[in-house]
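Summary of structural features
For reference, the chains in residue letters:
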Amino acid sequence: MQQSYEKYYVPAQSPWPIVGAVALFLIAVGAANVVMEYSNQSDGYGPYILALGLVVLLVMIVGWFKNQIDESMAGLYSAQLGRSYRQGMTWFIFSEIMFFGAFFGALFYARMISVPWLGGASNNAMTNAVLWPEFQALWPLVTTPGGTTTEAMGPAGLPTINTIILLISSVTLHFAHVGLEKNKRKQLAWMLGATIALGGIFLFFQVQEYIHAYRDLGLTLQSGIYGNTFFLLTGFHGMHVTLGTIILLVLFFRVLKGHFTPDNHFAFQAGAWYWHFVDVVWVMLFLFVYVL
Amino acid sequence: MSKATEISSHDAGATAAHEDHHEHHIPKGVMRWILTTNHKDIGTLYLWFSFIMFLTGGAMAMVIRAELFQPGLQIVEPDFFNQMTTVHGLIMVFGAVMPAFVGLANWLIPMMIGAPDMALPRMNNWSFWILPFAFAILLASLFTEGGGPNFGWTFYAPLSTTYSNDSTALFVFSVHIMGISSIMGAINVIVTIFNMRAPGMNWMKMPLFVWTWLITAFLLIAVMPVLAGAVTMVLTDKFFGTSFFDAAGGGDPVMFQHIFWFFGHPEVYIMILPAFGIISHIVPTFARKPLFGYASMVYATASIALLSFIVWAHHMFTTGMPVYMEMFFMFATMLISVPTGVKVFNWVATMWRGSMTFEVPMLFALAFIVLFTIGGLSGLMLAITPVDFQYHDTYFVVAHFHYVLVSGAIFSIMAAVYYWLPKWTGRMFNIGLAKTHFWCSLISVNVLFFPMHFVGLAGMPRRIPDYSLQFADYNQWISIGGFAFGLSQLIFLAVVIQACRKQGEPVSDRVWEGANGLEWEIPSPAPYHTFETPPVVK
Ligand code: HEM
Ligand SMILES: [Cu+2]
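Residues numbered from 1 in each chain as written. Chains lettered and ligands numbered in written order. Predicted model: local features only at pLDDT ≥ 70, side-chain atom pairs only at ≥ 80, totals over all residues. Heavy atoms only, no water.

Brief notes about the coordination of the copper ion (ligand 2)
- Protein coordination at the copper ion (ligand 2): the donors are His265(B) (ND1), His314(B) (NE2) and His315(B) (NE2), at 1.9 to 2.0 Å from the metal.
- Between consecutive donor residues of the copper ion (ligand 2), the sequence gaps follow H-x48-H-H. (Donors = N, O, S within 2.8 Å, 3.2 Å for Na, K, Ca; no water.)

So, the side chain of Ser84(A)
- One can find Ser84(A) in helix 3 (residues 79-118).
- For Ser84(A), a relative accessible area of 0% puts it in the buried group.
- A polar side-chain atom of Ser84(A) sits 2.8 Å from a polar atom in the side chain of Asn195(B).
- Apart from the residues lying within four places of it in its own chain, the contact partners of Ser84(A) are Tyr8(A), Ala119(B), Leu120(B), Val191(B), Asn195(B) and Met196(B). (Helix = DSSP H or I, 4+ residues; strand = E, 2+ residues; numbered from the N terminus. Buried < 20%, exposed > 50% of the residue type's maximum accessible area, 1.4 Å probe, protein only. Polar contact = N/O pair within 3.5 Å; in protein donor to acceptor, adjacent residues only side chain to side chain. Contact = heavy atoms within 4.5 Å.)

Overview of helix 14 (residues 395-425) of chain B
All names here are of chain B.
- Helix geometry: helix 14 is bent most strongly at Tyr419, by close to 35 degrees, with proline Pro422 lying one to four residues after it.
- With respect to burial, helix 14 is a largely interior element, 30 of its 31 residues being buried.
- Two to three positions downstream of the cap, the backbone nitrogen of Phe396 sits 3.0 Å from a side-chain oxygen, assigning the N-cap of helix 14 to Thr394.
- Residue Gly426 follows helix 14 closely and has a positive phi angle near 80 degrees. (Bend = angle between axes of the 7 residues up to and from the residue.)

Digging into the site of ligand 1
Residue and element names in this part refer to chain B.
- What surrounds ligand 1 is a group of 24 residues, the closest being Trp153, Asp388, His392, His400 and Arg462.
- Between ligand 1 and Trp153 there is a distance of 2.9 Å, counted from an oxygen atom to a side-chain nitrogen or oxygen.
- When contributions to the shell around ligand 1 are tallied by element, the ones reaching two or more residues are helix 8 (253-270), helix 12 (360-383) and helix 14.
- Top contributing element to the shell around ligand 1 by residue count: helix 12, with six residues.
- For the shell around ligand 1, a count of residues per class yields 13 nonpolar, eight polar and three charged. (Near = heavy atom within 4 Å. Nonpolar A, V, L, I, M, F, W, Y, C, P; charged D, E, K, R; others polar.)

Structural notes on the interface of chain A and chain B
- Taken together, the contact between chain A and chain B spans 72 residues of the former and 76 residues of the latter.
- Of all residues in chain A, the largest losses of buried area upon contact with chain B belong to Lys7(A), Gln13(A) and Trp91(A), amounting jointly to 12% of the total for that side.
- As a salt-bridge pair, Glu71(A) and Arg122(B) come within 2.9 Å of each other at their nearest N and O atoms.
- Where chain A packs against chain B, one counts 18 residue pairs in polar contact (both at pLDDT 80 or more).
- Sorting the residues of the side of chain A that touches chain B by element identifies helix 1 (16-40), helix 2 (46-73), helix 3 and helix 7 (224-256) of chain A as the ones contributing at least two each.
- The biggest single contributor to the side of chain A that touches chain B is helix 3 of chain A, with 21 residues.
- For the side of chain A that touches chain B, the class distribution of residues is 46 nonpolar, 22 polar and four charged. (Buried area = accessible area lost by both parts, 1.4 Å probe. Salt bridge = Lys/Arg side-chain N within 4 Å of Asp/Glu carboxyl O.)

Section: the domain arrangement of chain A
All names here are of chain A.
- Split into domains, chain A comes out as domain 1 (11-76) and domain 2 (81-291).
- Using C-alpha coordinates to define each centre, domain 1 is positioned 25 Å away from domain 2.
- It is Gln68, Ile69 and Met73 that lose the most area in domain 1 upon contact with domain 2, and together they represent 71% of the buried surface on that side.
- Summed over the shared surface of domain 1 and domain 2, the result is zero salt bridges.
- Its residues assigned to classes, the side of domain 1 that touches domain 2 shows two nonpolar, two polar and no charged. (Domains from an automatic or database assignment.)

Section: the nonpolar core
- By size, the foremost hydrophobic cluster in this structure holds 285 residues, and its most contacted members are Leu192(A), Phe94(B), Phe135(B) and Trp213(B).
- Trp213(B) has contacts with Phe101(B), Val102(B), Ala105(B), Ile109(B), Val189(B), Leu220(B) and Pro274(B), leaving out every residue within four places of it along the chain. (Core = buried A, V, L, I, M, F, W, Y, C linked by side-chain atoms within 4.5 Å.)

A look at the packing of helix 5 (residues 121-141) of chain B against helix 6 (residues 168-195) of chain B
Residue and element names in this part refer to chain B.
- Packing of helix 5 against helix 6 brings their axes to within 8 Å, and their N-to-C directions diverge by 160 degrees. Overall, the two elements helix 5 and helix 6 adopt an arrangement that is roughly antiparallel. Every pair of crossing elements has a handedness; the one defined by helix 5 and helix 6 is left-handed. On helix 6, the residues that touch Met123, Asn124, Trp126, Ser127, Ile130, Leu131, Ala134, Phe135, Ile137, Leu138 and Ser141 of helix 5 are Leu170, Phe171, Ser174, Ile177, Met178, Ile180, Ser181, Met184, Gly185, Ile187 and Asn188.
- Considered class by class, the residues forming the contact of helix 5 with helix 6 number 15 nonpolar, seven polar and no charged. (Axes fitted to C-alpha atoms, helices over the stretch in contact; angles between N-to-C directions. Parallel < 35°, antiparallel > 145°, perpendicular 65-115°, else oblique. Left-handed = near helix turned anticlockwise from the far one by under 90°.)

Some points on the coordination of the iron atom of ligand 1
All names here are of chain B.
- Donation to the iron atom of ligand 1 from the protein comes from one atom only, His400 (NE2), at 2.1 Å.
- Between the iron atom of ligand 1 and the copper ion (ligand 2), a spacing of 4.6 Å is present.
- By the element assignment, His400 lies in helix 14.

Examining unusual backbone geometry
- A cis geometry characterises the amide bond from Trp139(A) onward to Pro140(A), with omega recorded as 0 degrees.
- Here Pro140(A) lies in the loop between helix 4 (125-131) and helix 5 (158-181).
- Along the chain, Ser524(B) connects to Pro525(B) via a cis peptide bond; the corresponding omega equals -10 degrees.
- One non-glycine residue with positive phi stands out, namely Arg353(B), at about 60 degrees.
- Position of Arg353(B) relative to the elements: it lies in the loop between helix 11 (323-351) and helix 12.
- The class of Arg353(B) is exposed, set by a relative accessible area of 75%.
- In this structure, Phe531(B) takes a positive phi of about 50 degrees despite not being glycine.
- With respect to the helices and strands, the residue Phe531(B) is situated in the segment after helix 16 (472-500).

Section: the environment of Ala295(B)
- The residue Ala295(B) is located in helix 10 (residues 294-307) in this model.
- The spacing of Ala295(B) and Trp477(B) is 182 residues in sequence and 43 Å in space, taken between C-alpha atoms.

As for the side chain of His259(A)
- Residue position: His259(A) is located in the loop between helix 7 and helix 8 (266-291).
- Among residues more than four places away in sequence, those in contact with His259(A) are Ile69(A), Met73(A), Arg185(A) and Arg254(A).

Thoughts on a nonpolar patch on the surface
Residue and element names in this part refer to chain B.
- Residues Phe450, Phe454, Tyr474, Trp477 and Ile480 make up a contiguous nonpolar surface patch of about 500 Å² in total accessible area.
- Those elements giving two or more residues to the nonpolar patch turn out to be helix 15 (431-457) and helix 16.
- Looking at the nonpolar patch element by element, the count peaks at three residues for helix 16.
- Within the element layout of this structure, Phe450 appears in helix 15. (Patch = residues over 30% accessible without salt bridge, like charges linked within 9 Å, V, L, I, M, F, W, Y side chains within 5 Å. Areas by Shrake-Rupley, 256 points an atom, 1.4 Å probe, with all protein chains shown as cover.)

In structure tokens:
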């Protein structure tokens, strides 16, 4: 056998993908039923199927990652395989950017096109005059053409604090990474722990903000396009922060167990990239949803 | 050998297949297919899945054509008719054409670039196995109370929001899974191509099928998430009271079309770029000349992909956009036909003064070139804003996209199967039967789709179960062509089954006299594992 290259590790058969496929199936069926039952105000199996799906997904993730970690610790992974993982993660993040792009697109479209047009801009004077002559095109859209009213969520207070929290968390995570690369395990553990704590605080404040929106501002998911873009953008972002925090938590426990070396820590890097990506999304959100 | 054994036995310890120590031992039974990480197995799974979906979607097309055989309503209810057109479209796009190309990518890309497998083999298995579940959900939705999706494969709001039935939730989540599958598949393809090429296989030596798939994968990762966003907004509009697509809440139904077609137009190129790659392999082989203008093919593919992001609103000329937007999208669309023309030119130039022979793959490739060009030209007509006001939402559009998709994408897939099947099975398929399949398909596809141009220009609307009397004659021809085309595909099924059962003459490694590329250097049938040691490409 030729010795001049490292063998690319091709795993033998694996049970985890099919477990994952069943999980996604259950999640999809469960979620669809939950949604239908919610809209019909009826009871059904939806939540149970969904919960089962999530459990199966969890089993799959644990099993699959356990395989991966064992293989990695056994030194089966070559530099080339490491590149595959890194590139895969990069493209995954790109797909996430495009997903958020769809919702940002909706936001920009509403602000720059649909709301002004409803107010009579461009060649739409008659739209306004015939359909909703009272309607005024303003952003934030606190009064919809249909007449639903709400109050806007400004940037002051919680959103600004949250922005600072997330920005700091990016910095702490960076120092954790530096610690890992310089083999300063204490710095790594502390900084990673701090990042997770900041993530948790962010999520807590986010929940407070939603409560404030619903209770005090009357800003809900049904408040027209302003509330829609607000909740879907911040909501999907919040889901990503949750996921990111869980990933960092797993990394944290692995760090405590002594995993990762200065030159072999793909999982850590992937988690860090994900976290930085989520932060950047928040900065865009803060700018376009709250400030501007 | 020792290292390989070590590697596989270690992993096997962690998985179910304990006994399976030896790398070159092919696992047996159903579990082979369910647990596999082998790119050839997964390619085969994708291809069979796609074929089954093709026949399922085809059966729905037969229902549509049976109803349209005569004017008036005779066989199905209008609502069920709408469900048939919707699910037919969804299945053909996401279940037949796309998985077939992914299957071909799985089989061929590693062999073409000298890689031992796809870069992420376990994820590869996952990408495949979630698909059957997604389509199970979609098909099951047809049997729910109130029926399945009936708003067209483009699920325009408010048809899919205000006026749709409850099973829309099933539709939304099944599309989510299809999207996840495509994204993971595309990531795998991109990473494989970036990272797994054999030494010496530099960018401008890469076979065109690999190039076109690289660019397709990029398009997939860029636009499938946008589709996911679109279905999500439909879901919240329908079930949670948002008003993204409702003017009363400050949204806009036209916004749906913008988001959808931002995905949708690149999507049509996702379904045709790999076909361009396939044809660029087959034509040189049977013309016995190197491909004319390799570099220009690469650049043309890339420019088509980039332009495909700025033409989407040519599907929306009649929505009342401002005139400058209509103009912009008209000219941008026409611009796309330049690189497309470059491709057609190059294929023809490759054949020019070649010593051509007309084996089955070549027959399909030639049919592709001619018929795809017809579809491209009707596309150009549609791109002209003022005349699109007449053509839009008529059978002319249906004729256009079936020429590019059926006699384009599907024909290229069949060409590819006939071209590489001997490499996969090690046997030559039944040539007589295959030629019968070709001629039946060629004739019936034109009887089926050509008259659609005429009824369309005369004003017959699409997606309607009934029509005005003057369209009756042509519609009968269309339906007859449709049934004939449907039946012809059973011949294809027979050919493929025979080939999979290893009937036929054994073939040489190169299979076709003029074939070039790494995949023709390895034995036929291709061994279970190839290029575990990367070849050096000179
Ligand atoms: C020369 C290149 C092409 C041009 C200029 C072109 C142009 C157009 C235009 C303007 C429409 C909208 C017609 C209308 O709704 O009024 C359209 C529809 C369509 N095209 Fe093309 N096209 C081209 C190539 C393709 C290719 C390569 C494919 C797929 C492989 C494709 C698939 C479709 C589909 C599926 C639709 C209909 C979508 C629907 O409304 O359901 N086109 N095309
Ligand atoms: Cu288009």
